[in-house]
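This is what each chain is made of:
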Amino acid sequence: MKSKKNIREARDNGVKVITRLDSNFVVRMFGNEFRKEDILDLVTPIRREIDGENYIIYPFKRCIWQKTAGNLFLIKGEKYDDFIPLFTTSLKSKPETIIRKYKERSYIEQTNKELKSLLDIEGSYFCKKDSNYGYLFMVS
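Residues numbered from 1 in each chain as written. Predicted model: local features only at pLDDT ≥ 70, side-chain atom pairs only at ≥ 80, totals over all residues. Heavy atoms only, no water.

1. Digging into the overall build of the chain
A tally of helices and strands in the chain yields four helices and seven strands. Along its sequence from the N terminus, the chain presents helices and strands in the succession α-β-β-β-α-β-β-β-β-α-α. Looking at the chain as a whole, 34% of its 140 residues are labelled buried. (Helix = DSSP H or I, 4+ residues; strand = E, 2+ residues; numbered from the N terminus. Buried < 20%, exposed > 50% of the residue type's maximum accessible area, 1.4 Å probe, protein only.)

Laid out in structure tokens, this is it:
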């Protein structure tokens, strides 16, 4: 499934999702479109220390991405070169919770990316699940 479908299905079924958006994302609020630059100019940043690391966070709440309501957080940590746009379908979550959950998941994502690279199946996102499992079995 593409991210648009995933996020919509999650929202419809009450599942709270956190996803990282592309750098050229567009979100909507009250019929207007907003990009990263617009949000940086419009929103007052907040600073938080989370697990010993300092973050600058631009919260953009109650916006629409891919026809799904959620909150967008532009996050920049001490080790980051640029802001990371994190979108969540959880409308009540605090930025600290979103950052912690994303950090937990990022290790899993990195492992998956490395595994796909080692097995040479990086471009198989649009294959059916059964095809990927069969290919993994053959390669293993």
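Right, picking up where we left off after that structure.
2. Brief notes about helix 3 (residues 95-118)
A rise of 1.5 Å per residue sets the reference length of helix 3, with its 24 residues, at 34 Å; its end C-alpha atoms lie 34 Å apart and thus fit the reference within 8%. Approximately 25° is the largest bend angle found in helix 3, and it occurs at Arg105. Turning to helix 3, its buried residues are Pro95, Glu96, Ile98, Ile99 and Tyr102. Looking at the buried positions of helix 3, the neighbouring elements they touch are strand 1 (18-20), strand 4 (46-50), strand 5 (53-65), strand 6 (68-77) and strand 7 (84-88). One or two residues past the end of helix 3 sits Asp120, with phi positive at roughly 60°. (Expected span 1.5 Å × (residues − 1). Bend = angle between axes of the 7 residues up to and from the residue. Contact = heavy atoms within 4.5 Å.)

3. As for the side chain of Glu96
Of note, Glu96 is situated in helix 3. Owing to a relative accessible area of 17%, Glu96 belongs among the buried residues under this scheme. Apart from the residues within four sequence positions on either side, Glu96 is in contact with Arg48 and Ile50.

4. Thoughts on the pairing of strand 5
Note: strand 4 against strand 5, five bridges, orientation antiparallel. Residue pairing for strand 5: Arg48 is matched across the bridge by Tyr55. Bridge count for strand 5 against strand 6 is nine bridges, and the pairing is antiparallel. Looking at strand 6, one finds that Ile56 is bridged to Lys76. Hairpin remark: strand 5 followed by strand 6, antiparallel, with two residues in the connecting loop; positive phi at Gln66, about 55°. (Pairing = 2+ DSSP bridges.)

5. What about the side chain of Asn71?
Its location among the elements puts Asn71 in strand 6. A distance of 3.0 Å separates a polar side-chain atom of Asn71 from the backbone oxygen of Leu91. With residues near it in sequence (within four places) discarded, Asn71 still touches Phe60, Lys61, Arg62, Cys63, Leu86, Phe87, Thr88, Ser90, Leu91 and Lys92. (Polar contact = N/O pair within 3.5 Å; in protein donor to acceptor, adjacent residues only side chain to side chain.)

6. What about the pattern of salt bridges?
Under the definition given, this model contains seven salt bridges. Ionic pairing is found between Asp51 and Arg100, a salt bridge with its closest N-O pair at 3.5 Å. In this pair, Asp51 sits in the loop between strand 4 and strand 5 while Arg100 sits in helix 3, placing the two residues 49 residues apart along the sequence. Lys103 is the salt-bridge partner of Glu53, the closest N and O atoms lying 4.0 Å from each other. (Salt bridge = Lys/Arg side-chain N within 4 Å of Asp/Glu carboxyl O.)

7. With respect to the nonpolar core
In terms of nonpolar packing, the biggest core is built from 18 residues, with Phe25, Val27, Ile39, Phe60, Cys63, Leu72 and Phe87 touching the most fellow members. The set of elements that each furnish at least two residues to this core consists of helix 1 (3-12), strand 2 (27-29), strand 5 and strand 6. With four residues, strand 5 is the single largest residue contributor to this core. With near-sequence residues (within four places) excluded, Phe25 lies in contact with Phe34, Arg35, Lys36, Ile39, Leu72, Leu74 and Pro85. (Core = buried A, V, L, I, M, F, W, Y, C linked by side-chain atoms within 4.5 Å.)

8. What to know about the confidence of the model for the chain
Across the chain, the average pLDDT comes to 82, with 83% of residues at or above 70. Highest mean pLDDT in the chain belongs to strand 3 (residues 32-34) (96); lowest belongs to helix 4 (residues 129-139) (58). (pLDDT = per-residue confidence, 0-100.)

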